[in-house]
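Here are the chains, one letter per residue:
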Amino acid sequence: MGGSASLLPRDLLGEYQELTFLSKQEILLAYKRFSELLPKEEREISCSTRVPKSQILTLPELRANPFQHQICRVFSTSEARDDSMSFEDFLDMLSVFSDSATLDIKSHYAFRIFDFDEDGVLDRNDLEKLVNCLTGQGEESRLNSTEMEQLIRNILEESDIDKDGTINLSEFQHVISRCPDFASSFKIVL
Amino acid sequence: MSQLPSVSLRVPEDTNNDGQEPSPDSEGALHTSFHQLIQEQSSLVEASLELEMQARNGERVAVPDACAVTWLEPRQGRQHPSYPSTCLQILASMPSRTIGRSRGAIISQYYTRTVRLRCRSSRPPLQQLRHTARPSLRQHDLETDPATAKLEDKRTLLAKELLSLSPSQRSHMLLTVPLSLAEKCTLRQELSVQWNLKRLYVQRRASFSASRGFKHFPVLGCRGLWYRILSLLAAAQPWHYTLKQIGGRFGSSVLSYFLFLKNLLMFNIISFLILTVFVVAMQAAYPPASASPQPFTGLELLTGAGYFTHSLLYYGYYRNATLNEPCGSSPNGSTSPLTAPSLPYNMPLAYVFSVGVSFLLTCILLVYSMHCSFFESYRVGSSAGDLAVKVFCAWDFKVIQRRSVKLQCENICTQLKELLAEQRSRSRSRSLCRQLGHCTVLLLAWTLSLGTVLGCVVAVHYLSEHMHMVQQDHRAQDGGKWQQEAILLVLPFVVSLLNAVMPHIYNLLALWEKQDSPVARVYVAICRNLILKMVVLGLLCYQWLRRRVVCSTEECWETCVGQELYRFVVMDFIFTLLDTLFGELVWRLILEKKLKRKQKPEFDIARNVLELIYGQTLTWLGIVFAPLLPAMQMLKLLLLFYIKKTSLMQNCQSPRKPWQASHMSTVFITLLCFPFFLGAAIFISYTIWSVRPSETCGPFQGMETMYESGKTWVQVLEKSNPNITWFTWVHQHLVENTFPLFFVSGVLLAAIYFNIQVVRGQRKIIHLLKEQIDNEGEDKRFLIQTLHSVYEQRERRA
């Protein structure tokens, strides 16, 4: 830890600590894990390099997650839209998934993760893709079309308050506020 | 009508009405004006809108195809190919759709929030607003609305607003804005620029660079210190990595068992510390010159008798005198006259007060954890709507192993299918015959389970009576040592056996019963298990108070009860080990080798937690009779943690039944508090207040009740110092009197009633707000329709 601490400037560390929900220990651990993803030559300038998506997905915390692609897309600020992540994006992700993040932030980003077509609402296609992600890739563990129809109809009935056929951010946050388990399950710890 | 005919929403200024505000009653007038607005654009739209208006009034008319399809089936939501792309673009930039993804929208939203926080009022005063007829637009001040500004201007606006907040609010706001870290850094730089401008304006010279400006705020410095303390605390948490490992493989449900175990350990540590420091250590420093102890054979660890009888473990060892009394007549042979005289220590008083204080502290901690847990898990209106919550919150991101992820997917699929099937069967009305049949089965199952409980209780009662007689006979005949020990162990053995076997029988019963809802199944299993344990423990307490204990020493009934409880605790531990061994290890081997199934046995959380609660209750019941029992329980819990963890990792898989971790944690901590802790507290209070202690042993020899030592002390105090009458008054009226108890209960009931009314009021408000949102949704649909039709007509014409 002494080695990596000397590479991350002290005032940057302080700034990151103020702007994210992570503690100093967690930021330093994140820095260590992030530098391990880079090839040896690039480790000196870890703060500004971008790691390609394929490397990020080798992390054990994301390797088997069905939402891995969405997570990379939501948190990546790459202009080339290639879902590569810089250290700040990585910290962002860890901050949102940390213990002390507020329910507001978590539900905001959960909404963006579940919004597969990025149109700002969860419509039927998004819900269908979400349910398929949840139930897995195997054929026998998927819902058939009648069950899917019934499920999506029920979800929209329960959460679509203004009855426009889609679930927007506020409606989603309203549903999430009814579930006390969400904050503890929307968590990734390094 | 004067305004510009454009489709972008502008509230028309009505200049024809003598400066009088159009009242909400003239809604129809505003609709018509909007109607005419569109009419100016295209002549054809008017006809279709009139037709639309009539359609809204319920008549069947021919409307253009696309509109009809979308109007009559608004919930399909499929993007019709006939919608023009410009229309879709406008829809996509609606505020409700952009708030989640556009940086500008987020910044504007937080700007509004900051303004509201600053002004502390959600409604701006009405005089300053434009007069519009539509109440929902009354507060929409278009000029200062930042939604139309550019991104940089929005940032500047937000930065200006943030500066006017207090530092803690500002840092909290910065922390909770859902922007990327790079954006937040830019915002922070903007803040420091504004801050510098402000400071220059105030003409104070400060020499710091822009990016370091905030380091000088004291609250941020304190925050740094706080973070450092927190990180140290986090690293010092016991079992942090182990718990992460368990959560990563099995999810939050199994993790809740281990967290519960950790909590119980904390409770025991507190009791242990108090009792050790004030009672055990003191007595250990001044051992009584008693009879020589019996030789130590290994069997004592199991039975608690023999060598352990006259040891610190039990009540009988503690003296009823003041320890280390200077010039006292107590036989403190070991102290030489040259040692410095220290303070006298009143052992009986210390004993009764330590027990009381440890119970009080445990009670406070329990109520506090119950409050925290309840606070986290209870939500107003959470009973409505299962499926949406299930789908959005089902995925546990903590689970990282590939196999566990696959298992979790399968579990979620099964649970969703079960919920959907349950819903289908609920909507299908059942025939009377089937309902009757189902009721009969339920009734039969409950009669059977209650019958078994009764049977167990009667069996335990007769067994204890029988054992008591056998013991008397055996002592009269002076039989063999081994037989004597065996007699001691029979009752604990049988009770632990019943506690281990009956839950499995109840599981089988539940399979036969076939409850509809999986959640109900879990609750019913817990209920039955609970009733069994409560009734058996109640019977045992009754037996102990009647002095019908199978005992090795005649004189000291308290030591007997202490030994009995020791044996119960040890047997409970042995049976838990056996249950883990056979229920998990051997069962997994059987499943793998003999039945060749890939499944591993499930970890039954409810049964394991109830076993923990039972063990803890035994400890609480025994504190008066065996002050070192919390230490034993601590050791037992530590061993149990590692054994259960190893067995879990090797042999088990996470349960398939649905499990709401926070809800069930609340249920368990409530169960720990209400039947079990309360029962133990009542038993202990009754023992201290009303039961006559034995004459020849223990710290309360010769007193009427154990509490008499406290009363005597107060009287002595009063006699020695007549000025502290307030103390005796407090003692007389608050401790001895029962009125404070009723008063406190009354206050508690009033608080509960108040909270119930608050929740009821909140439910009503939620209902009203939902209706309001519904109405706004209708408006939205109307406007979308109009928009579509306008653009369609335009495209048709073009």
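Residues numbered from 1 in each chain as written. Chains lettered and ligands numbered in written order. Predicted model: local features only at pLDDT ≥ 70, side-chain atom pairs only at ≥ 80, totals over all residues. Heavy atoms only, no water.

## Brief notes about the overall build of chain B
Along chain B, the regular secondary structure elements total 26 helices and 2 strands. Across the 798 residues of chain B, 42% fall into the buried class. Pairs at least 24 apart in sequence give 76% of the contacts found in chain B among residues at least 6 apart. For chain B, the computed accessible surface area is about 44000 Å², with 62% contributed by carbon and sulfur atoms. (Helix = DSSP H or I, 4+ residues; strand = E, 2+ residues; numbered from the N terminus. Buried < 20%, exposed > 50% of the residue type's maximum accessible area, 1.4 Å probe, protein only. Contact = heavy atoms within 4.5 Å. Areas by Shrake-Rupley, 256 points an atom, 1.4 Å probe, with all protein chains shown as cover.)

## Re helix H3 (residues 24-37) of chain A
Residues separated by three or four positions in an α-helix point in the same direction, a consequence of the helix having 3.6 residues per turn. Taking 1.5 Å as the rise per residue, H3 of chain A with 14 residues should run 20 Å; its terminal C-alpha atoms sit 20 Å apart, in good agreement. For H3 of chain A, the full list of buried residues reads Ile27, Leu28, Ala30, Tyr31, Arg33, Phe34, Ser35 and Leu37 of chain A. (Expected span 1.5 Å × (residues − 1).)

## Notes on the pattern of salt bridges
Residues and elements named next belong to chain A. Across all of its chains, the model carries 24 salt bridges over all chains by this definition. In this structure, the salt-bridge partner of arginine 33 is glutamate 61, at a minimum N-O distance of 3.2 Å. Here arginine 33 is found in helix H3, whereas its partner glutamate 61 is found in helix H5 (residues 60-63), with 28 residues between them in sequence. One exposure class covers both arginine 33 and glutamate 61, and it is buried. In this structure, glutamate 118 engages arginine 81 in a salt bridge whose closest nitrogen and oxygen atoms are separated by 3.7 Å. Linking glutamate 118 in the loop between helix H8 (103-114) and helix H9 (124-135) with arginine 81 in the loop between helix H6 (68-75) and strand E2 (85-86), this pair joins segments that are 37 residues apart in sequence. (Salt bridge = Lys/Arg side-chain N within 4 Å of Asp/Glu carboxyl O.)

## Quick look at the interface of chain B and chain A
With 68 residues of chain B at the interface, the matching set in chain A holds 81 residues. Counting each side, the surface lost to burial between chain B and chain A is near 6900 Å², with a carbon and sulfur contribution of 61%. Among the residues of chain B in contact with chain A, Leu181, Phe392 and Phe397 of chain B are the three that bury the most area, contributing 13% of the side total. Taken together, the links from chain B to chain A amount to 5 salt bridges. Among the ionic pairs, arginine 188 of chain B bridges to glutamate 15 of chain A, the shortest N-O distance being 4.0 Å. For the pair chain B and chain A, the interface holds 19 residue pairs in polar contact (both at pLDDT 80 or more). The biggest single contributor to the side of chain B that touches chain A is helix H16 (residues 402-427) of chain B, with 10 residues. (Buried area = accessible area lost by both parts, 1.4 Å probe. Polar contact = N/O pair within 3.5 Å; in protein donor to acceptor, adjacent residues only side chain to side chain.)

## Points about the confidence of the model for chain B
Residue and element names in this part refer to chain B. Of all residues in chain B, 75% have pLDDT values of 70 or greater, and the mean over the chain is 76. The weakest mean pLDDT in chain B belongs to helix H3 (residues 65-72) at 32; the strongest belongs to helix H22 (residues 629-651) at 93. The low-confidence segment residues 1-31, where pLDDT is below 50, has 28 contacts with residues more than four positions distant or belonging to other chains. Low confidence marks residues 58-81, where pLDDT is under 50. Its contacts with residues over four positions away, or in another chain, come to 30 contacts. The ipTM, which scores confidence in the relative placement of chains, is 0.92 for this predicted complex, and the corresponding pTM is 0.75. (pLDDT = per-residue confidence, 0-100.)

## Considerations on the environment of glutamine 732 of chain B
Along the polypeptide, glutamine 732 of chain B turns up in helix H25 (residues 725-736). In this structure, the C-alpha to C-alpha distance between glutamine 732 of chain B and tyrosine 523 of chain B, residues 209 residues apart in sequence, is 45 Å.

## Topic: the state of the cysteines
All told, the structure shown has 0 disulfides over all chains when counted by the stated rule. For the unlinked cysteine cysteine 72 of chain A, the closest cysteine sulfur is that of cysteine 133 of chain A, found at 13 Å. (Disulfide = S-S within 2.5 Å.)

## A few points about the nonpolar core
Ranked by size, the top nonpolar core spans 106 residues in total, and within it Tyr257, Trp544 and Phe668 of chain B carry the most contacts. Excluding residues within four positions of it along the chain, tyrosine 257 of chain B makes contact with Phe603, Ile605, Asn608, Val609, Leu612, Leu640 and Lys644 of chain B. In this structure, Ile105 and Phe186 of chain A together with Trp195 and Val399 of chain B belong to the second largest nonpolar core, which totals 99 residues. (Core = buried A, V, L, I, M, F, W, Y, C linked by side-chain atoms within 4.5 Å.)

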